[in-house]
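# Coordinate inspection notes
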Amino acid sequence: MIKKELDIPFSFCMGGYYIDPKICDNLVDFYEEHKSKAQPGIVNKRDVNDKPDIVVDKKIKDSNDLQFPGDFHEGPVADYKDSLGACLKSYENKYEGVHAQKRFHIKEDFGIQKYPLGGGYKVWHFENYVNMDRLFAFMTYLNDVPDGGTEFLYQNMTVRAEKGLTLIWPSAWTHMHRGRVSNTKEKYIITGWYSISDE
């Protein structure tokens, strides 16, 4: 299921794996067939009382997102989750400490995101900013965007958007990141979180 592994230094605590590009094409087609159900991307900010405030703010995140429940497992999304599971297994084998974590799974909504020209998640952020149950983030680039990708602040690293490249990384502040905006090509990704199980 995994085509090859991206060579990322151990100290980054990140994993990069290439899945079958046909799965990516099928997910893009699925998005386009259901794009009438996509919603503008939301961000979690904090209000004046330091409480989470979920808003649409295109200056921060400019995307259209097609969301699924965490247990959704149908069509091309099911094929993707099977390949993602293989990536996670490789990640767990690379970083033995993952086995010491509590049980986790995809329990929050996740989804396909389409970024227009000039769109992106434009500010530095990390994934458990609001929900501390999030242990790991995952993201797969669904198309090639030579001048687009993701920048990781403290790792001083930019990952180029390559179709099929699947990243897994810790959700904490140690992995602050932002999208690299492309003005030449739209970008599709699928992304979500592995969170601590309620069981």
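In this text, all values refer to a predicted model and were calculated from it rather than measured experimentally.

## Observations regarding the overall build of the protein
- Within the protein one finds two helices and 16 strands.
- Here the C-alpha radius of gyration of the protein, 16 Å, is about what a compact globule of 199 residues would show, namely 16 Å.
- Dimensions along the principal axes, computed over C-alpha positions, put the protein at roughly 45 × 40 × 35 Å.
- In the protein, which comprises 199 residues, the proportion classed as buried is 50%.
- In the protein, once contacts between residues fewer than 6 apart in sequence are set aside, the share between residues at least 24 apart is 74%.
- Taken as a whole, the protein presents about 10,200 Å² of accessible surface, with 50% of it coming from carbon and sulfur.
- Considering the protein, the positive charge centre built from 26 side chains and the negative charge centre built from 30 side chains are found 3 Å apart.

## Topic: a nonpolar patch on the surface
- On the surface, Ile42, Ile54 and Val56 cluster together into a nonpolar patch covering about 280 Å² of accessible area.
- Inspection of the secondary structure puts Val56 in the loop between strand E5 (52-55) and strand E6 (61-62).
- Assessed through its relative accessible area of 48%, Val56 is described here as partly exposed.

## Focus: helix H2 (residues 75-94)
- For H2, spanning 20 residues, the distance from its first C-alpha to its last is 30 Å, which sits close to the expected 28 Å at 1.5 Å a residue.
- Residues of H2 that are buried include every one of Pro76, Val77, Ala78, Tyr80, Lys81, Ser83, Leu84, Cys87, Leu88, Tyr91 and Glu92, and no others.

## Overview of unusual backbone geometry
- Positive phi, close to 50°, is recorded for Asn156, a residue that is not glycine.
- You can see Asn156 is positioned in the loop between strand E12 (145-152) and strand E13 (157-161).

## As for helix H1 (residues 21-33)
- Here H1 spans 18 Å end to end across 13 residues, near enough to the 18 Å set by a 1.5 Å rise per residue.
- Those residues of H1 lying buried are Ile23, Cys24, Leu27, Val28, Phe30 and Tyr31. Looking down the long axis of H1, one finds its buried residues gathered within 160° of arc, a one-sided arrangement. Opposite its buried face, H1 presents the exposed residues Lys22 and Glu33, each directed more than 90 degrees away.
- Here the buried face of H1 lies against strand E2 (15-19), strand E7 (64-68), H2, strand E9 (110-115), strand E11 (134-141) and strand E16 (187-196).
- Looking at where H1 begins, the residue whose side-chain oxygen comes 2.9 Å from the main-chain nitrogen of Lys22 is Asp20.

Cut-off values and rules
- Residues numbered from 1 in each chain as written.
- Predicted model: local features only at pLDDT ≥ 70, side-chain atom pairs only at ≥ 80, totals over all residues.
- Heavy atoms only, no water.
- Helix = DSSP H or I, 4+ residues; strand = E, 2+ residues; numbered from the N terminus.
- Rg over C-alpha atoms; globule rule 2.2 N^0.38 Å.
- Buried < 20%, exposed > 50% of the residue type's maximum accessible area, 1.4 Å probe, protein only.
- Contact = heavy atoms within 4.5 Å.
- Areas by Shrake-Rupley, 256 points an atom, 1.4 Å probe, with all protein chains shown as cover.
- Lys, Arg positive; Asp, Glu negative; His and termini not counted.
- Charge placed at Lys NZ, Arg CZ, Asp CG, Glu CD.
- Patch = residues over 30% accessible without salt bridge, like charges linked within 9 Å, V, L, I, M, F, W, Y side chains within 5 Å.
- Salt bridge = Lys/Arg side-chain N within 4 Å of Asp/Glu carboxyl O.
- Expected span 1.5 Å × (residues − 1).
- Arc of directions from axis to C-beta.
- Polar contact = N/O pair within 3.5 Å; in protein donor to acceptor, adjacent residues only side chain to side chain.

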